[in-house]
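For reference, the chains in residue letters:
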Amino acid sequence: MQPRAAPLRLFVCLLMAVAWLAGGGAEAASPSVGESDRQAIRSVIQNQIQAFQKDDGDLAFSFASPMIHGLFGTPENFMAMVRGGYRPVYRPRDVQFRDIVDYQGQLTQRVLVIGPDGKPVMALYMMEQQPDGSWRINGCVLTETDDTSA
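Residues numbered from 1 in each chain as written. Predicted model: local features only at pLDDT ≥ 70, side-chain atom pairs only at ≥ 80, totals over all residues. Heavy atoms only, no water.

Glancing now at the confidence of the model for the protein chain. The predicted model of the protein chain averages 85 in pLDDT, with 79% of residues at 70 or higher. Predicted confidence for residues 1-27 stays below pLDDT 50, and this span has 36 contacts to residues more than four positions away or in other chains. (pLDDT = per-residue confidence, 0-100. Contact = heavy atoms within 4.5 Å.)

Spatially, four strands are ordered 1-2-3-4 in an open sheet, and the strand pairing comes out antiparallel. Each of the sheet's edge strands pairs with one partner strand only, and the pair in question is strand 1 (94-103) and strand 4 (135-144). The sheet shows a mean angle of 25° between the axes of neighbouring strands, taken without regard to direction. For strand 1 and strand 2 (residues 106-114), the ladder comprises eight bridges, and the chain directions are antiparallel. From the neighbouring strand, I100 faces strand 2, where its bridge partner is Q109. Against the sheet, helix 2 (residues 35-53) contacts strand 1, strand 2, strand 3 (120-129) and strand 4, and its axis sits at roughly 70° relative to strand 4. (Pairing = 2+ DSSP bridges. Helix = DSSP H or I, 4+ residues; strand = E, 2+ residues; numbered from the N terminus. Axes fitted to C-alpha atoms, helices over the stretch in contact; angles between N-to-C directions.)

Before going further, it helps to examine the nonpolar core. In terms of nonpolar packing, the biggest core is built from 32 residues, with I45, F52, F78, Y125 and M127 touching the most fellow members. The element that contributes the greatest number of residues to this core is helix 2, accounting for six residues. With residues up to four places along the chain from it excluded, the contact list for Y125 reads I45, Q48, I49, V89, L107, T108, Q109, V111, I137, G139 and C140. In terms of nonpolar packing, the next biggest core, distinct from the first, is built from seven residues, Y103, M122, L124 and V141 among them. (Core = buried A, V, L, I, M, F, W, Y, C linked by side-chain atoms within 4.5 Å. Buried < 20%, exposed > 50% of the residue type's maximum accessible area, 1.4 Å probe, protein only.)

In total, this model carries three salt bridges according to the counting rule given. Across the pair R98 and D147 runs a salt bridge, and its minimum N-O distance is 3.2 Å. Of this pair, R98 sits in strand 1 while D147 sits in the segment after strand 4, placing them 49 residues apart in sequence. Residues D99 and R110 are paired through a salt bridge, measuring 2.5 Å at the closest nitrogen-oxygen approach. Remark: R110 occurs in strand 2 and D99 occurs in strand 1; sequence separation between them is 11 residues. Since its relative accessible area comes to 19%, R110 is described here as buried. (Salt bridge = Lys/Arg side-chain N within 4 Å of Asp/Glu carboxyl O.)

Here is the structure:
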């Protein structure tokens, strides 16, 4: 087993706990976000998903926040976690952007993802604005959903 496997599993378990809390109505009304920020957030997520599809770990990791960089250390560790616990965003059949919500104090983009198995999941992308104004992904939680509407 790789030396970073235990921390990776712990991180995935923490994200699952957050997903459980998400089912309890933890989302607030859509925060006020300008159109340019909405577009930037969407672009970061789309670009990361495209990097996953090309197995470009360096590029995919570049869209992660400093906290995520600190947790995983290398693109290889990050990609191992994604391949192991995030198949729907690693190899999606379809991606549909929904609203942006305030989730536990973090700006969160909701994205409906149809995974490689054909099952829909709601991906909650917690976003963090950087000092230079750019956006980075500060975590992603996958929650079950029956929503497949376009």
